[in-house]
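Single-letter residue listing:
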Amino acid sequence: MENNIEPYENNSAQRAWEKEEAYLRAQKKVKAIVGFYWHLASYVIVNLFLIILITSNGVKFFSFGTFSTAFFWGIGLAFHFIGVFGPNFFFGKNWEDRKIKELMDNDNKHWE
């Protein structure tokens, strides 16, 4: 049998590859989340420092100049948040169904 071609049955290798692929995706997601939290921490620290510095030099606390850096940097931080957690973070795909079920459960507890 010269042309005997056996089917490729290396399921364990395929599963190992899938597990490694899943691990690498999870690792990438964790690094993105850590990067966002470092960005958030630097945002808070730097902007607190700048607001204290600006107000200590006699500028009114409630003026646009005091909060302009925080405002514009905050826009960038919001886009970073959306990039890491996705636009459906607050209202995900199943949010409506979960909320309806939660409200129905609360209503049933109220009437029992």
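Residues numbered from 1 in each chain as written. Predicted model: local features only at pLDDT ≥ 70, side-chain atom pairs only at ≥ 80, totals over all residues. Heavy atoms only, no water.

S.K.: Summarise the overall build of the protein chain; cite the residues concerned and give the values.
M.R.: Along the protein chain, the regular secondary structure elements total three helices and zero strands. When the elements of the protein chain are put in sequence order from the N terminus, they spell out α-α-α. Residue burial in the protein chain is summarised as follows: out of 112 residues, 10% are buried. Of all intrachain contacts in the protein chain linking residues separated by at least 6 positions in sequence, the fraction that spans at least 24 positions is 60%. Looking at the protein chain as shown, the accessible area adds up to about 10000 Å², and 64% of this sits on carbon and sulfur atoms. (Helix = DSSP H or I, 4+ residues; strand = E, 2+ residues; numbered from the N terminus. Buried < 20%, exposed > 50% of the residue type's maximum accessible area, 1.4 Å probe, protein only. Contact = heavy atoms within 4.5 Å. Areas by Shrake-Rupley, 256 points an atom, 1.4 Å probe, with all protein chains shown as cover.)

S.K.: Break down the pattern of salt bridges for me, citing the residues and quoting the values.
M.R.: In the structure shown here, the tally under the stated rule is two salt bridges. In this structure, D105 engages K101 in a salt bridge whose closest nitrogen and oxygen atoms are separated by 3.2 Å. Here D105 and its partner K101 are both found in helix 3 (residues 95–111), four residues apart, which amounts to about one turn of the helix. Residue D105 is classed as partly exposed on the basis of its relative accessible area, which comes to 32%. For K101, a relative accessible area of 53% corresponds to the exposed category. (Salt bridge = Lys/Arg side-chain N within 4 Å of Asp/Glu carboxyl O.)

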